[in-house]
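Summary of the model geometry
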Amino acid sequence: MALNTSADAPLPVGEVSRLIGGWIDRLGAVWVEGQITQLSRRPGAGVVFMTLRDPSYDISVSVTCYRQVFDAVADVVSEGARVVVHAKPEWYAPRGQLSLRAAEIKPVGVGELLARLEQLKKALASEGLFAPERKKALPFLPQLIGLVCGRASAAERDVLENARHRWPAVRFEVRNVAVQGVHAVPQVIQAVKELDALDDVDVIIVARGGGSVEDLLPFSDEQLVRAVVSCRTPVVSAIGHEPDNPLLDYAADLRASTPTDAAKKVVPDVGEEYERVRFLQDRARRSVLSFIEREERGLAHALARPSIEDPHRMIDEREDQVSALLDRARRCLGHLLDRADSELSHTHARVVGLSPAATLRRGYAVLQKTDGHVVRAPDEVTAEEPLRARVAEGEFTVIRAD
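Quick summary incoming for the structure in this document. Every value quoted in this text rests on a predicted model; they were computed, and no experiment measured them.

Remarks on the nonpolar core
- Counting 23 residues, the largest nonpolar core has Val148, Val188, Ile204, Val206, Phe219 and Val235 as its most contacted members.
- Those elements giving two or more residues to this core turn out to be β6 (144-149), α5 (184-197), β8 (203-208), α6 (222-229) and β9 (235-239).
- Residue contributions to this core peak at six residues, all from α5.
- Excluding residues that lie within four positions of it along the chain, Val188 makes contacts with Val148, Val177, Ala178, Val206, Phe219 and Leu224.
- Core analysis: the second largest hydrophobic core is formed by 19 residues, Val159, Ile205, Ala256 and Val267 among them.

Structure below.
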(Lines give C-alpha, C1' and ligand atoms only; values in the text may rest on other atoms or scores of the structure.)
Protein backbone atom coordinates (compact mmCIF):
# COMPACT_ATOMS: atom_id res chain seq x y z
CA MET A 1 0.00 0.00 0.00
CA ALA A 2 1.35 3.43 -0.91
CA LEU A 3 2.36 5.71 1.94
CA ASN A 4 1.26 9.28 2.34
CA THR A 5 4.49 11.18 2.84
CA SER A 6 5.80 14.61 1.95
CA ALA A 7 8.79 16.80 2.54
CA ASP A 8 7.06 18.19 5.61
CA ALA A 9 5.97 14.78 6.90
CA PRO A 10 8.76 12.31 6.06
CA LEU A 11 9.20 8.83 7.48
CA PRO A 12 12.19 7.94 9.59
CA VAL A 13 14.71 5.51 8.11
CA GLY A 14 13.87 2.95 10.75
CA GLU A 15 10.19 3.09 9.84
CA VAL A 16 10.92 2.69 6.15
CA SER A 17 13.20 -0.27 6.89
CA ARG A 18 10.52 -1.80 9.10
CA LEU A 19 7.88 -1.41 6.40
CA ILE A 20 10.16 -2.94 3.77
CA GLY A 21 10.75 -5.89 6.12
CA GLY A 22 7.01 -6.31 6.52
CA TRP A 23 6.45 -6.34 2.79
CA ILE A 24 9.23 -8.88 2.26
CA ASP A 25 7.89 -11.12 5.03
CA ARG A 26 4.59 -11.32 3.19
CA LEU A 27 6.38 -12.65 0.08
CA GLY A 28 6.81 -16.10 1.60
CA ALA A 29 9.27 -18.83 0.62
CA VAL A 30 10.31 -19.07 -3.04
CA TRP A 31 12.38 -21.40 -5.22
CA VAL A 32 15.39 -19.55 -6.67
CA GLU A 33 17.92 -20.73 -9.26
CA GLY A 34 21.40 -19.31 -9.62
CA GLN A 35 25.12 -19.94 -9.53
CA ILE A 36 27.15 -19.98 -6.32
CA THR A 37 29.93 -17.41 -6.59
CA GLN A 38 31.10 -17.14 -2.98
CA LEU A 39 30.94 -19.83 -0.34
CA SER A 40 31.95 -19.36 3.29
CA ARG A 41 31.97 -22.32 5.70
CA ARG A 42 33.66 -21.15 8.86
CA PRO A 43 34.85 -23.93 11.15
CA GLY A 44 32.54 -24.37 14.10
CA ALA A 45 29.98 -21.92 12.75
CA GLY A 46 26.41 -23.12 12.53
CA VAL A 47 25.56 -20.92 9.54
CA VAL A 48 26.92 -21.13 5.97
CA PHE A 49 27.14 -17.94 3.89
CA MET A 50 27.06 -17.86 0.11
CA THR A 51 26.28 -15.57 -2.79
CA LEU A 52 23.80 -16.65 -5.45
CA ARG A 53 24.25 -14.94 -8.81
CA ASP A 54 22.22 -14.72 -12.03
CA PRO A 55 24.85 -14.74 -14.81
CA SER A 56 22.44 -13.46 -17.43
CA TYR A 57 21.61 -10.23 -15.64
CA ASP A 58 24.69 -9.80 -13.38
CA ILE A 59 22.56 -9.73 -10.23
CA SER A 60 23.55 -11.33 -6.92
CA VAL A 61 21.83 -11.94 -3.60
CA SER A 62 23.20 -13.19 -0.28
CA VAL A 63 22.05 -16.59 0.97
CA THR A 64 22.41 -18.09 4.45
CA CYS A 65 21.53 -21.55 5.66
CA TYR A 66 22.15 -23.76 8.61
CA ARG A 67 25.14 -26.05 8.36
CA GLN A 68 22.99 -29.19 8.30
CA VAL A 69 21.14 -27.83 5.25
CA PHE A 70 24.37 -27.33 3.34
CA ASP A 71 26.02 -30.51 4.58
CA ALA A 72 23.32 -32.50 2.76
CA VAL A 73 24.76 -31.33 -0.59
CA ALA A 74 28.30 -30.41 0.40
CA ASP A 75 29.80 -33.26 -1.62
CA VAL A 76 28.33 -32.06 -4.95
CA VAL A 77 28.03 -28.30 -4.46
CA SER A 78 30.93 -25.86 -4.59
CA GLU A 79 31.69 -22.42 -5.94
CA GLY A 80 30.56 -22.14 -9.56
CA ALA A 81 27.84 -24.78 -9.21
CA ARG A 82 24.29 -24.06 -10.30
CA VAL A 83 21.71 -24.78 -7.64
CA VAL A 84 18.03 -24.41 -6.90
CA VAL A 85 17.33 -23.02 -3.42
CA HIS A 86 14.10 -23.06 -1.48
CA ALA A 87 14.45 -19.95 0.68
CA LYS A 88 12.53 -17.24 2.43
CA PRO A 89 13.50 -13.62 1.77
CA GLU A 90 14.66 -11.80 4.90
CA TRP A 91 15.26 -8.14 5.50
CA TYR A 92 17.96 -7.16 7.98
CA ALA A 93 16.60 -3.82 9.15
CA PRO A 94 19.71 -2.41 10.93
CA ARG A 95 21.76 -2.54 7.71
CA GLY A 96 18.93 -2.39 5.18
CA GLN A 97 20.13 -5.63 3.61
CA LEU A 98 18.14 -8.29 1.75
CA SER A 99 19.13 -11.95 1.99
CA LEU A 100 17.63 -15.38 1.52
CA ARG A 101 17.35 -17.94 4.33
CA ALA A 102 17.68 -21.32 2.57
CA ALA A 103 15.79 -24.29 3.91
CA GLU A 104 16.73 -26.66 1.08
CA ILE A 105 19.41 -26.71 -1.62
CA LYS A 106 19.28 -28.85 -4.76
CA PRO A 107 22.13 -29.06 -7.26
CA VAL A 108 21.12 -28.67 -10.88
CA GLY A 109 22.27 -31.83 -12.66
CA VAL A 110 23.67 -32.09 -16.14
CA GLY A 111 20.56 -33.83 -17.40
CA GLU A 112 18.36 -31.06 -16.10
CA LEU A 113 20.66 -28.42 -17.60
CA LEU A 114 20.53 -30.12 -20.99
CA ALA A 115 16.74 -30.37 -20.81
CA ARG A 116 16.47 -26.65 -20.07
CA LEU A 117 18.87 -25.82 -22.85
CA GLU A 118 16.80 -27.90 -25.26
CA GLN A 119 13.65 -26.01 -24.24
CA LEU A 120 15.44 -22.69 -24.69
CA LYS A 121 16.78 -23.83 -28.06
CA LYS A 122 13.27 -24.65 -29.29
CA ALA A 123 11.92 -21.33 -28.03
CA LEU A 124 14.63 -19.31 -29.75
CA ALA A 125 14.32 -21.36 -32.93
CA SER A 126 10.58 -20.66 -33.04
CA GLU A 127 11.43 -16.94 -33.12
CA GLY A 128 13.54 -17.50 -36.22
CA LEU A 129 16.85 -16.63 -34.54
CA PHE A 130 18.53 -19.73 -35.97
CA ALA A 131 17.05 -19.46 -39.48
CA PRO A 132 19.62 -19.99 -42.29
CA GLU A 133 18.31 -17.02 -44.31
CA ARG A 134 19.14 -14.71 -41.42
CA LYS A 135 22.83 -15.59 -41.44
CA LYS A 136 25.31 -13.20 -43.04
CA ALA A 137 28.09 -14.24 -45.41
CA LEU A 138 31.68 -13.86 -44.30
CA PRO A 139 34.03 -11.58 -46.29
CA PHE A 140 36.54 -13.35 -48.52
CA LEU A 141 39.55 -11.57 -47.01
CA PRO A 142 38.84 -9.74 -43.73
CA GLN A 143 41.24 -6.88 -43.07
CA LEU A 144 40.54 -6.71 -39.33
CA ILE A 145 39.17 -9.61 -37.27
CA GLY A 146 37.59 -9.15 -33.86
CA LEU A 147 38.48 -11.94 -31.42
CA VAL A 148 36.70 -12.59 -28.12
CA CYS A 149 38.53 -15.17 -25.98
CA GLY A 150 40.09 -15.86 -22.62
CA ARG A 151 43.28 -14.09 -21.61
CA ALA A 152 46.44 -15.99 -22.67
CA SER A 153 44.25 -18.96 -23.59
CA ALA A 154 45.01 -21.79 -25.97
CA ALA A 155 42.03 -20.70 -28.07
CA GLU A 156 43.56 -17.24 -28.56
CA ARG A 157 46.93 -18.73 -29.50
CA ASP A 158 45.36 -21.21 -31.95
CA VAL A 159 43.35 -18.53 -33.74
CA LEU A 160 46.18 -15.98 -33.97
CA GLU A 161 48.92 -18.40 -35.01
CA ASN A 162 46.85 -20.30 -37.59
CA ALA A 163 45.37 -17.14 -39.09
CA ARG A 164 48.76 -15.42 -39.44
CA HIS A 165 50.29 -18.58 -40.83
CA ARG A 166 47.61 -18.65 -43.52
CA TRP A 167 47.65 -14.90 -44.25
CA PRO A 168 50.53 -13.01 -42.56
CA ALA A 169 49.03 -9.56 -43.17
CA VAL A 170 45.81 -10.25 -41.25
CA ARG A 171 45.14 -7.98 -38.23
CA PHE A 172 43.23 -8.69 -35.01
CA GLU A 173 41.32 -6.65 -32.47
CA VAL A 174 41.37 -8.87 -29.36
CA ARG A 175 39.05 -8.64 -26.37
CA ASN A 176 40.09 -10.83 -23.42
CA VAL A 177 37.13 -11.84 -21.26
CA ALA A 178 36.10 -14.46 -18.76
CA VAL A 179 34.95 -17.52 -20.69
CA GLN A 180 33.40 -19.38 -17.78
CA GLY A 181 31.89 -18.50 -14.46
CA VAL A 182 29.46 -15.82 -13.39
CA HIS A 183 31.23 -12.95 -15.18
CA ALA A 184 31.50 -14.68 -18.56
CA VAL A 185 28.11 -13.72 -20.02
CA PRO A 186 28.20 -9.94 -19.37
CA GLN A 187 31.85 -9.67 -20.44
CA VAL A 188 31.36 -11.62 -23.65
CA ILE A 189 28.24 -9.60 -24.52
CA GLN A 190 30.08 -6.32 -23.90
CA ALA A 191 33.08 -7.43 -25.97
CA VAL A 192 30.88 -8.52 -28.90
CA LYS A 193 29.01 -5.20 -28.85
CA GLU A 194 32.25 -3.20 -28.71
CA LEU A 195 33.69 -5.04 -31.71
CA ASP A 196 30.43 -4.78 -33.63
CA ALA A 197 30.48 -1.01 -33.14
CA LEU A 198 33.91 -0.74 -34.85
CA ASP A 199 33.53 -0.03 -38.55
CA ASP A 200 36.92 -1.57 -39.38
CA VAL A 201 36.05 -4.99 -37.94
CA ASP A 202 34.94 -7.29 -40.77
CA VAL A 203 34.15 -10.44 -38.76
CA ILE A 204 34.00 -11.43 -35.08
CA ILE A 205 35.23 -14.75 -33.69
CA VAL A 206 34.05 -15.92 -30.26
CA ALA A 207 36.51 -18.65 -29.25
CA ARG A 208 37.06 -20.91 -26.29
CA GLY A 209 38.54 -24.35 -25.74
CA GLY A 210 36.57 -27.42 -24.75
CA GLY A 211 35.07 -28.04 -21.34
CA SER A 212 32.23 -29.55 -19.42
CA VAL A 213 28.59 -28.66 -19.94
CA GLU A 214 28.75 -26.34 -16.94
CA ASP A 215 31.89 -24.63 -18.27
CA LEU A 216 30.31 -23.95 -21.65
CA LEU A 217 26.98 -22.90 -20.17
CA PRO A 218 27.62 -19.12 -20.59
CA PHE A 219 27.68 -19.61 -24.37
CA SER A 220 24.12 -20.96 -24.26
CA ASP A 221 22.83 -17.90 -22.41
CA GLU A 222 19.75 -16.31 -23.98
CA GLN A 223 21.06 -12.75 -23.64
CA LEU A 224 24.30 -13.65 -25.42
CA VAL A 225 22.38 -15.40 -28.20
CA ARG A 226 20.21 -12.33 -28.78
CA ALA A 227 23.24 -10.03 -28.70
CA VAL A 228 24.95 -12.09 -31.42
CA VAL A 229 21.80 -12.21 -33.54
CA SER A 230 21.52 -8.41 -33.42
CA CYS A 231 25.11 -7.87 -34.63
CA ARG A 232 25.57 -6.24 -38.03
CA THR A 233 29.02 -7.86 -38.30
CA PRO A 234 29.22 -11.59 -39.15
CA VAL A 235 29.95 -13.69 -36.06
CA VAL A 236 31.80 -17.02 -35.99
CA SER A 237 31.30 -19.39 -33.06
CA ALA A 238 34.37 -21.44 -32.16
CA ILE A 239 33.41 -22.91 -28.79
CA GLY A 240 34.83 -26.18 -27.48
CA HIS A 241 35.45 -29.17 -29.68
CA GLU A 242 33.46 -31.09 -32.28
CA PRO A 243 30.87 -32.68 -29.91
CA ASP A 244 30.16 -29.40 -28.08
CA ASN A 245 27.12 -27.50 -29.33
CA PRO A 246 26.23 -24.45 -27.22
CA LEU A 247 23.33 -22.33 -28.45
CA LEU A 248 25.81 -19.74 -29.71
CA ASP A 249 26.67 -22.18 -32.53
CA TYR A 250 23.12 -21.96 -33.85
CA ALA A 251 22.87 -18.17 -33.53
CA ALA A 252 26.25 -17.38 -35.13
CA ASP A 253 26.57 -16.83 -38.85
CA LEU A 254 29.15 -19.64 -39.05
CA ARG A 255 30.05 -22.47 -36.69
CA ALA A 256 33.62 -23.69 -36.42
CA SER A 257 34.36 -26.98 -34.68
CA THR A 258 37.46 -25.59 -32.95
CA PRO A 259 39.33 -22.27 -32.69
CA THR A 260 41.83 -23.62 -35.22
CA ASP A 261 38.98 -24.45 -37.59
CA ALA A 262 37.67 -20.90 -37.15
CA ALA A 263 41.00 -19.45 -38.32
CA LYS A 264 40.90 -21.72 -41.38
CA LYS A 265 37.33 -20.77 -42.27
CA VAL A 266 37.73 -17.02 -41.74
CA VAL A 267 41.17 -16.42 -43.28
CA PRO A 268 42.11 -17.78 -46.74
CA ASP A 269 45.43 -19.55 -47.20
CA VAL A 270 47.88 -17.39 -49.13
CA GLY A 271 49.52 -20.46 -50.68
CA GLU A 272 46.21 -21.90 -51.82
CA GLU A 273 45.13 -18.54 -53.22
CA TYR A 274 48.44 -18.21 -55.06
CA GLU A 275 47.93 -21.65 -56.60
CA ARG A 276 44.36 -20.73 -57.50
CA VAL A 277 45.52 -17.52 -59.17
CA ARG A 278 48.21 -19.40 -61.08
CA PHE A 279 45.67 -22.02 -62.15
CA LEU A 280 43.31 -19.30 -63.36
CA GLN A 281 46.17 -17.59 -65.21
CA ASP A 282 47.06 -20.86 -66.96
CA ARG A 283 43.42 -21.47 -67.76
CA ALA A 284 43.05 -17.96 -69.16
CA ARG A 285 46.25 -18.35 -71.19
CA ARG A 286 45.04 -21.65 -72.63
CA SER A 287 41.70 -20.12 -73.48
CA VAL A 288 43.31 -17.18 -75.26
CA LEU A 289 45.73 -19.40 -77.16
CA SER A 290 42.92 -21.74 -78.14
CA PHE A 291 40.88 -18.78 -79.36
CA ILE A 292 43.80 -17.42 -81.38
CA GLU A 293 44.53 -20.84 -82.91
CA ARG A 294 40.86 -21.27 -83.81
CA GLU A 295 40.74 -17.85 -85.42
CA GLU A 296 43.99 -18.53 -87.29
CA ARG A 297 42.53 -21.75 -88.71
CA GLY A 298 39.41 -19.88 -89.72
CA LEU A 299 41.50 -17.15 -91.36
CA ALA A 300 43.61 -19.71 -93.21
CA HIS A 301 40.49 -21.48 -94.43
CA ALA A 302 39.06 -18.18 -95.61
CA LEU A 303 42.28 -17.24 -97.41
CA ALA A 304 42.28 -20.62 -99.16
CA ARG A 305 38.94 -19.93 -100.81
CA PRO A 306 39.18 -19.15 -104.59
CA SER A 307 37.45 -15.81 -104.19
CA ILE A 308 40.13 -14.65 -101.73
CA GLU A 309 43.14 -16.43 -103.26
CA ASP A 310 42.47 -14.94 -106.77
CA PRO A 311 39.95 -12.10 -106.30
CA HIS A 312 40.23 -11.01 -110.01
CA ARG A 313 39.35 -14.46 -111.29
CA MET A 314 35.63 -13.86 -111.02
CA ILE A 315 35.98 -10.47 -112.70
CA ASP A 316 37.99 -11.98 -115.56
CA GLU A 317 35.39 -14.72 -115.99
CA ARG A 318 32.61 -12.17 -116.09
CA GLU A 319 34.51 -9.86 -118.49
CA ASP A 320 33.94 -12.16 -121.51
CA GLN A 321 30.29 -12.53 -120.60
CA VAL A 322 29.91 -8.75 -120.33
CA SER A 323 31.67 -8.29 -123.70
CA ALA A 324 29.41 -10.88 -125.38
CA LEU A 325 26.33 -9.31 -123.89
CA LEU A 326 27.51 -5.86 -124.95
CA ASP A 327 28.06 -7.05 -128.55
CA ARG A 328 24.71 -8.75 -128.52
CA ALA A 329 23.12 -5.59 -127.24
CA ARG A 330 24.83 -3.53 -129.95
CA ARG A 331 23.62 -5.95 -132.67
CA CYS A 332 20.11 -5.99 -131.34
CA LEU A 333 20.04 -2.22 -131.11
CA GLY A 334 21.55 -1.95 -134.64
CA HIS A 335 18.88 -4.25 -136.03
CA LEU A 336 16.20 -2.24 -134.31
CA LEU A 337 17.62 1.03 -135.64
CA ASP A 338 18.00 -0.38 -139.16
CA ARG A 339 14.44 -1.63 -139.15
CA ALA A 340 13.16 1.61 -137.74
CA ASP A 341 15.14 3.54 -140.40
CA SER A 342 13.70 1.36 -143.15
CA GLU A 343 10.19 1.88 -141.81
CA LEU A 344 10.80 5.60 -141.50
CA SER A 345 12.10 5.80 -145.10
CA HIS A 346 9.12 3.87 -146.37
CA THR A 347 6.71 6.04 -144.46
CA HIS A 348 8.50 9.16 -145.64
CA ALA A 349 8.23 8.02 -149.24
CA ARG A 350 4.52 7.39 -148.80
CA VAL A 351 4.03 10.76 -147.14
CA VAL A 352 5.97 12.49 -149.91
CA GLY A 353 4.06 10.61 -152.59
CA LEU A 354 0.72 11.56 -151.07
CA SER A 355 1.63 15.18 -150.24
CA PRO A 356 0.09 18.16 -152.29
CA ALA A 357 3.62 19.24 -153.26
CA ALA A 358 4.15 15.94 -155.10
CA THR A 359 0.87 16.40 -156.90
CA LEU A 360 1.93 19.86 -157.95
CA ARG A 361 5.22 18.51 -159.26
CA ARG A 362 3.27 16.21 -161.50
CA GLY A 363 1.80 19.30 -163.30
CA TYR A 364 -1.20 20.08 -161.22
CA ALA A 365 -2.09 23.59 -159.94
CA VAL A 366 -4.19 24.89 -157.09
CA LEU A 367 -6.45 27.91 -157.69
CA GLN A 368 -7.09 30.20 -154.73
CA LYS A 369 -9.12 33.31 -154.43
CA THR A 370 -7.57 36.44 -153.16
CA ASP A 371 -8.76 35.54 -149.67
CA GLY A 372 -6.87 32.22 -149.90
CA HIS A 373 -10.02 30.09 -150.40
CA VAL A 374 -9.30 27.09 -152.66
CA VAL A 375 -11.54 26.92 -155.74
CA ARG A 376 -13.18 23.57 -156.02
CA ALA A 377 -16.03 24.28 -158.51
CA PRO A 378 -16.46 26.66 -161.50
CA ASP A 379 -19.47 28.38 -160.04
CA GLU A 380 -17.32 29.59 -157.16
CA VAL A 381 -15.54 31.99 -159.55
CA THR A 382 -17.17 34.98 -161.32
CA ALA A 383 -16.20 36.37 -164.75
CA GLU A 384 -13.04 38.49 -164.82
CA GLU A 385 -12.31 37.57 -161.18
CA PRO A 386 -8.56 37.36 -160.59
CA LEU A 387 -7.33 34.09 -159.18
CA ARG A 388 -3.95 32.91 -157.80
CA ALA A 389 -2.59 29.74 -159.41
CA ARG A 390 -0.13 27.81 -157.20
CA VAL A 391 2.22 25.38 -158.97
CA ALA A 392 5.21 23.30 -157.86
CA GLU A 393 7.75 26.04 -158.52
CA GLY A 394 5.68 29.05 -157.39
CA GLU A 395 2.48 30.88 -158.13
CA PHE A 396 1.00 33.39 -160.64
CA THR A 397 -2.27 35.27 -161.23
CA VAL A 398 -4.91 34.19 -163.74
CA ILE A 399 -8.27 35.73 -164.76
CA ARG A 400 -11.37 33.69 -165.66
CA ALA A 401 -12.60 34.51 -169.17
CA ASP A 402 -16.04 33.42 -170.22
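The discussion continues.
A short note on the side chain of Thr233
- Relative to the elements of secondary structure, Thr233 occurs in the loop between α6 and β9.
- The buried category is assigned to Thr233, whose relative accessible area is 2%.
- In terms of polar contacts, Thr233 uses its side chain to reach the side chain of Asp196, at 2.8 Å.
- Once residues within four sequence positions are removed from consideration, Thr233 is found in contact with Lys136, Asp196, Val201, Asp202, Val203, Ile204 and Asp253.

Observations regarding the sheet that holds strand β1 (residues 30-40)
- Reading around the circumference, β1-β2-β3-β5-β4 is the order of the five strands in this closed barrel, with mixed pairing throughout. With direction set aside, neighbouring strand axes in the sheet form an average angle of 55 degrees.
- In this fold helix α1 (residues 13-25) packs onto β4 (82-92) and β5 (97-107), with an angle of close to 140 degrees to the strand it touches most, β4.

Observations regarding unusual backbone geometry
- The phi torsion at Ala152 lies on the positive side, around 50 degrees, for a residue other than glycine.
- As for its placement among the helices and strands, Ala152 is situated in the loop between β6 and α4 (154-166).

A few points about the sheet that holds strand β10 (residues 254-255)
- The sheet built from five strands is open, its strands ordered β7-β6-β8-β9-β10 with parallel pairing. The open sheet is flanked by β7 (171-176) and β10, the only strands paired with a single partner.
- Pairing geometry for β9 and β10, over two bridges, is parallel. Counted as the bridge partner of Val236 is Leu254 from β10.
- Across the sheet, helix α8 (residues 259-266) touches β6, β8, β9 and β10, and the angle it forms with β8 is around 165 degrees.

Quick look at the pairing of β7
- The pairing of β6 with β7 spans six bridges and is classified as parallel. Its bridge partner lying in β7, Leu147 is registered against Val174.
- Taken together, β6, α4 and β7 form a β-α-β motif whose crossover is right-handed.

Conventions and cut-offs
Residues numbered from 1 in each chain as written. Predicted model: local features only at pLDDT ≥ 70, side-chain atom pairs only at ≥ 80, totals over all residues. Heavy atoms only, no water. Core = buried A, V, L, I, M, F, W, Y, C linked by side-chain atoms within 4.5 Å. Buried < 20%, exposed > 50% of the residue type's maximum accessible area, 1.4 Å probe, protein only. Helix = DSSP H or I, 4+ residues; strand = E, 2+ residues; numbered from the N terminus. Contact = heavy atoms within 4.5 Å. Polar contact = N/O pair within 3.5 Å; in protein donor to acceptor, adjacent residues only side chain to side chain. Pairing = 2+ DSSP bridges. Axes fitted to C-alpha atoms, helices over the stretch in contact; angles between N-to-C directions. Right-handed = clockwise from strand over helix to strand, strands pointing away.

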